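Below are the chains, spelled out letter by letter.
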Amino acid sequence: MSGEGVDALNGLGTGLSRRNCLVAAASLAAPSAWLVAPTAAHAGGQLEEPLMDSVRTALSSAIANQAPPEPEFFTTDTRLHYVRWLAAMSDRLRRRKPEWEVRRDFLQTVWYESKRAGLDVSLVLGLIQVESGFRKFAVSSVGARGYMQVMPFWTRVIGDGDAGKLFHMQTNLRFGCVILRHYIDRERGDLFMALGRYNGSRGRPPYPNAVFGAQRSWEYVDRPAAG
């Protein structure tokens, strides 16, 4: 992993301001050639690999700060953009999560953790759709847990070892986003390869294609009301 990647991961810890969390999301466009139905692949699991001490420290720092996912906005425009996004995503998620409070808390946390890790929110929502179908307590055949199907070994490698916490919404989303950011950095920005690594199927197309396909359902174009 490059020094820039380690620096970026260190930035996910206490040195990252909330303002930067909200405005510094990376632009992660998916080539249309990779778009297929999200049912084309099945969730797998990340593979445990040796990590350099610097990477382990950076990842541990990135998941350590358990600040509540409450977005703060410094302009009226950014606040209104978030409100419009939340309303649009809530409508799309209503069938899977009928209760408004549950949808709001989930979407707010996805927004916060995605921005914090420099990820496109639609990509994270697409990954969650493929991995768990938005089921908080999903467990895969290989033991991956929760919304983002995080493998339990990560809690030992970069956490406190309590795999049960992966069923806590913010903890699961925090781990999943940090791990995905790590894989993207490791693959030098290649989303196709990074998603394959996240799924334990690096280099094979079904899983990345499924996520890119699902991502389309969560893309958002802001259209402010005419003044």
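Preceding this paragraph is the structure being described.
Residues numbered from 1 in each chain as written. Predicted model: local features only at pLDDT ≥ 70, side-chain atom pairs only at ≥ 80, totals over all residues. Heavy atoms only, no water.

*Asks:* Talk me through the pattern of salt bridges; I want residue IDs and the actual numbers.
*Replies:* Scanning the entire structure with this criterion turns up eleven salt bridges. Note that arginine 94 is salt-bridged to aspartate 91, the shortest N-O span being 2.8 Å. Its relative accessible area of 42% is what places arginine 94 among the partly exposed residues. Close ionic contact of lysine 165 with aspartate 160 constitutes a salt bridge, the shortest N to O distance being 2.4 Å. Assessed through its relative accessible area of 38%, lysine 165 is described here as partly exposed. Owing to a relative accessible area of 53%, aspartate 160 belongs among the exposed residues under this scheme. (Salt bridge = Lys/Arg side-chain N within 4 Å of Asp/Glu carboxyl O. Buried < 20%, exposed > 50% of the residue type's maximum accessible area, 1.4 Å probe, protein only.)

*Asks:* Account for the environment of valine 157, with residues named and values stated.
*Replies:* Structurally, valine 157 is set in helix α7 (residues 153-158). Looking at valine 157, the relative accessible area reads 12%, which means it is buried. The spacing of valine 157 and leucine 51 is 106 residues in sequence and 8.8 Å in space, taken between C-alpha atoms. Not counting residues up to four positions away in its chain, the partners in contact with valine 157 are Glu48, Leu51, Arg56 and Ser60. (Helix = DSSP H or I, 4+ residues; strand = E, 2+ residues; numbered from the N terminus. Contact = heavy atoms within 4.5 Å.)

*Asks:* Just give me the short version of the side chain of serine 122, but keep the residues and values in it.
*Replies:* Considering the arrangement of structural elements, one finds serine 122 in helix α6 (residues 121-132). Of note is the side chain of serine 122, whose polar atom sits 3.0 Å from the side chain of glutamine 215. Contacts of serine 122, omitting those with residues within four sequence positions, involve Gln215, Trp218 and Glu219. (Polar contact = N/O pair within 3.5 Å; in protein donor to acceptor, adjacent residues only side chain to side chain.)

*Asks:* Describe in detail the packing of aromatic side chains, supporting the description with residues and values.
*Replies:* All told, the structure shown has eleven aromatic pairs when counted by the stated rule. Residues tyrosine 82 and tryptophan 111 carry aromatic rings whose centres are separated by 4.9 Å and whose planes lie at 70° to one another, so their mutual orientation is edge-to-face. Of this pair, tyrosine 82 sits in helix α4 (residues 76-93) while tryptophan 111 sits in helix α5 (residues 100-116), placing them 29 residues apart in sequence. Exposure class is identical for tyrosine 82 and tryptophan 111. Each is buried. With a centroid separation of 4.8 Å and 50° between ring planes, the pair formed by phenylalanine 106 and tyrosine 147 is classed as tilted. Here phenylalanine 106 is found in helix α5, whereas its partner tyrosine 147 is found in the loop between α6 and α7, with 41 residues between them in sequence. (Phe/Tyr/Trp six-rings, centres within 6.5 Å; stacked < 30°, edge-to-face > 60°.)

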